Amino acid sequence: MTRFITALIAVTAVYAMTLASIDVWDLLLGAVLGTGLLLTFRPFIFRNEPLPAGTLLRRAVMFVPFAGAVIVDIVSGTWRVALVVLHVRPLSRPGIVAVPIGERSSLGVAVSGLASTLSPGSFLVEVEWDQGVMLFHVLDATDADEVRAGYQRFYDRFQRHVFP
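Predicted model, so just to flag it, every value in this text is computed and none were measured. Residue numbering note: each chain is counted from 1, following its sequence as written. Predicted model: local features are reported for residues with pLDDT of at least 70 only, side-chain atom pairs are reported and counted for 80 or more only, and whole-chain, interface and lining totals are derived from all residues. To obtain the side-chain values, all non-hydrogen atoms of the structure were used and water was disregarded.

Caption draft 1: Quick peek at unusual backbone geometry. Phi angles above zero are rare outside glycine, and Ala-20 is one such case at about 55°. Counting from the N terminus, the helices are DSSP H or I runs at least four residues long and the strands are E runs at least two residues long. Mapped onto the fold, Ala-20 is located in the loop between α1 (2-19) and α2 (24-40). The class of Ala-20 is exposed, set by a relative accessible area of 70%. Although it is not a glycine, His-87 adopts a positive phi angle of roughly 60°. Assignment of secondary structure puts His-87 in the loop between α4 (53-85) and β1 (95-100). Burial classification: accessible surface area is computed with a 1.4 Å probe over protein chains only, and a residue below 20% of its type maximum counts as buried, one above 50% as exposed, and the rest as partly exposed. Classification of His-87 by relative accessible area gives exposed; the value is 72%.

Here you go:
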C-alpha cells in the first residue's frame with residue numbers, strides 16, 4: 001500500500017508539473033487519473049515483491065550514466081541524420097537488423113526500444129518474442145553485426161544496471 005501511495009503522489013506531481021498548476025482541483029483530477037492508471041497497470045508497475053533498498057539505490061545511481069548515454073546517443077544520431085539529409089553523407093543502406101533479446105527482461109526490452117527510438121536514425125519495429133529478437137530499422141545497416149554489437153555494448157555498459 002505504501003508503494004501505491006508513493007507512486008500516486010509521484011504521478012500526481014508529474015501531472016501538476018505538466019499543467020504548471022497546483023490548484024486543488026487540478027491536483028484532485030491528477031490523483032484520480034493517477035489512481036486509474038496505477039490500478040490499470042498495477043501488474044506491470046508493481047512486482048509481487050518490492051526491490052531491496054540497496055538495489056533501488058544502485059539503480060538510481062546508475063540511472064545518471066544511463067541517461068547521459070541516451071543523451072549522447074540522441075545527439076550523435078541527430079548529427080548522423082543531419083549529415084544524410086544535407087547530402088554531406090550518402091544514405092548507403094538503411095534496413096532492418098535483428099538484435100537478440102538475450103538477458104533482457106520485458107521491461108529491459110521496452111527500455112531498449114524506447115532508448116533507441118529516441119535517437120534519430122533508428123527505431124524499434126517489432127519484438128519477435130518467439131524468435132528472441134528485436135527488429136530495429138537503422139539508417140545504416142551495411143554491417144549488421146556491428147549494429148548488433150553496438151546495441152549489446154550499450155545494454156551491457158549502461159542499461160543492464162538500471163533496467164535489466
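Caption draft 2: Structural view of the nonpolar core. The criterion is simple. A nonpolar core is a set of buried Ala, Val, Leu, Ile, Met, Phe, Trp, Tyr and Cys residues joined through side-chain atoms within 4.5 Å. Val-97, Val-99, Ile-101, Val-109, Met-134, Phe-136, Val-138, Ala-141, Val-147 and Tyr-151 form the largest nonpolar core, which has 10 residues in total. Counting residues per element, the ones that place at least two in this core are β1, β3 (133-138) and α6 (144-159). A total of 3 residues in this core trace back to one element, the largest contributor, which is β3. Membership of the second largest hydrophobic core comes to 8 residues, among which are Ala-69, Val-70, Val-111 and Val-162.

Caption draft 3: Layout of the environment of Leu-28. Structurally, the position occupied by Leu-28 is in helix α2. Leu-28 gets classed as partly exposed once you look at its relative accessible area, which sits at 45%. Between the alpha carbons of Leu-28 and Gly-108 there is a distance of 33 Å; along the sequence they are 80 residues apart.

Caption draft 4: Local environment of α1. In this analysis, the expected span of each helix is defined as 1.5 Å times one less than the number of residues it contains. Taking 1.5 Å of rise per residue, the 18 residues of α1 would be expected to cover 26 Å, and the 26 Å separating its terminal C-alpha atoms lies within 8% of that figure. Residues Phe-4, Ala-7, Leu-8, Thr-12 and Ala-16 constitute the buried set of α1. Of the residues trailing α1, Ala-20 is marked for its positive phi of about 55°.

Caption draft 5: Representation of the packing of aromatic side chains. Side-chain rings of Phe, Tyr and Trp, where Trp is taken by its six-membered ring, are said to pair if the distance between their centres is within 6.5 Å; with planes under 30 degrees apart they count as stacked, over 60 as edge-to-face, and otherwise as tilted. Scanning the model with the defined rule gives 6 aromatic pairs in all. Seen in terms of ring centroids, Phe-66 and Phe-154 are 5.9 Å apart; in terms of plane orientation they differ by 55°. Their pairing is tilted. In this pair, Phe-66 sits in helix α4 while Phe-154 sits in helix α6, placing the two residues 88 residues apart along the sequence. For the pair Phe-66 and Phe-163, a centre-to-centre distance of 5.6 Å together with 70° between the ring planes defines the contact as edge-to-face. Of this pair, Phe-66 sits in helix α4 while Phe-163 sits in the segment after α6, and the two are 97 residues apart along the sequence. With a relative accessible area of 6%, Phe-66 lands in the buried category. Residue classification places Phe-163 among the partly exposed residues on the basis of a relative accessible area of 22%.

Caption draft 6: Here's a closer look at the packing of α1 against α2. Fitted lines through C-alpha atoms give the axes, limited to the stretch in contact for helices. The angle between two N-to-C directions lies from 0 to 180 degrees. Following both chains from N to C, one finds α1 and α2 inclined at 130°, their axes separated by 8 Å at the closest point. In terms of orientation, α1 lies oblique with respect to α2. α1 and α2 meet at a crossing whose hand is right-handed. Residues Phe-4, Ala-7, Leu-8, Val-11, Thr-12, Tyr-15, Ala-16 and Leu-19 of α1 pack against Asp-26, Leu-27, Leu-29, Gly-30, Ala-31, Leu-33, Gly-34, Thr-35, Leu-38 and Leu-39 of α2. Residues are grouped as follows: Ala, Val, Leu, Ile, Met, Phe, Trp, Tyr, Cys and Pro are nonpolar; Asp, Glu, Lys and Arg are charged; all remaining types, including Gly, are polar. For the contact of α1 with α2, the class distribution of residues is 13 nonpolar, 4 polar and 1 charged. Just so you know how the angles are binned, under 35 degrees is roughly parallel, over 145 roughly antiparallel, 65 to 115 roughly perpendicular, and the rest oblique. Helix crossings fall into two classes, left-handed where the near helix is turned counterclockwise from the far one by less than a right angle and right-handed where it is turned clockwise. Contacts were defined at the residue level, with two residues in contact if any of their heavy atoms lie within 4.5 Å.

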